[in-house]
Amino acid sequence: MSESRRYPDEVAGPFESPPVAFEDRDERTIEIRPYDGTDEQFEALVSMYESFDPADRAQGIPPGQERRIRDWLDNILDEECLNVVAWNGDEAAGHATLVPDGDAYELAIFVLQAYQEAGIGTHLIEALLGYGDANDVEKVWLTVERWNRPAVGLYKKIGFETSDSESFEMEMTLRLAEGDGD
């Protein structure tokens, strides 16, 4: 599908690059920062994903067992990937990543159930896109299950456009910077 992926002509944004701090709808102070590679942050993410509700898993991620979580995190926290984490004090509340895929990046976002519907997902995606823009990312894509209306609505609000909806998943794309005219 990558060969036929269409990106909007319009550039989305601007998006603020992290660190970003805000008060969520439940009056918690949340800070979004780039992942720094420390053992403390890695272990906080492992803990977050171990607590993840199985009902919130989509497309097989995040994995459900500690060993598989650690292996998966080793892959997506690679230096070529861009990662931001939403923190409530020392607790990881959410995580978003941009994974290189050819001339674009695939976006994935995860918000712990106790922090959902509090505005964190919107801030997390916007901070990740700001971080991506600051790191010369031009094009971003994602897939979402078509029946996940809250996620689809959020992505559209931020500027993503549907590029393919042939299966049970929708592919959505966004342009962060002027590119090579694709």
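You'll find the structure just up there.
Residues numbered from 1 in each chain as written. Predicted model: local features only at pLDDT ≥ 70, side-chain atom pairs only at ≥ 80, totals over all residues. Heavy atoms only, no water.

Asks: Describe the sheet that holds strand β5 (residues 104–111), with residues and values.
Replies: Within the open sheet, the eight strands sit side by side as β1-β2-β3-β4-β5-β6-β8-β7. Their pairing is mixed. Among the strands making up the open sheet, the edge pair consists of β1 (20–23) and β7 (161–164). Neighbour-to-neighbour, the strand axes of the sheet open up by a mean angle of 25°, direction not taken into account. One ladder, built from two bridges, connects β5 with strand β6 (residues 139–145); its direction is parallel. From the neighbouring strand, glutamate 106 faces β6, where its bridge partner is tryptophan 141. (Pairing = 2+ DSSP bridges. Helix = DSSP H or I, 4+ residues; strand = E, 2+ residues; numbered from the N terminus. Axes fitted to C-alpha atoms, helices over the stretch in contact; angles between N-to-C directions.)

Asks: Account for unusual backbone geometry, naming residues and giving values.
Replies: Each neighbour pair has its own omega, and for glycine 13 with proline 14 the value is 5°, a cis peptide bond. With an omega of 15°, the peptide bond between proline 18 and proline 19 qualifies as cis. Tracing the backbone shows proline 19 in the segment before β1. Unusually for a residue other than glycine, glutamate 27 sits at a positive phi of about 65°. Position of glutamate 27 among the secondary structure elements: in the loop between β1 and β2 (29–34). Of the residues examined, glutamate 27 reaches a relative accessible area of 64% and is grouped as exposed. Phi is positive for glutamate 117, close to 60°, though the residue is something other than glycine. Within the secondary structure, glutamate 117 is located in the loop between β5 and α3 (120–134). (Buried < 20%, exposed > 50% of the residue type's maximum accessible area, 1.4 Å probe, protein only.)

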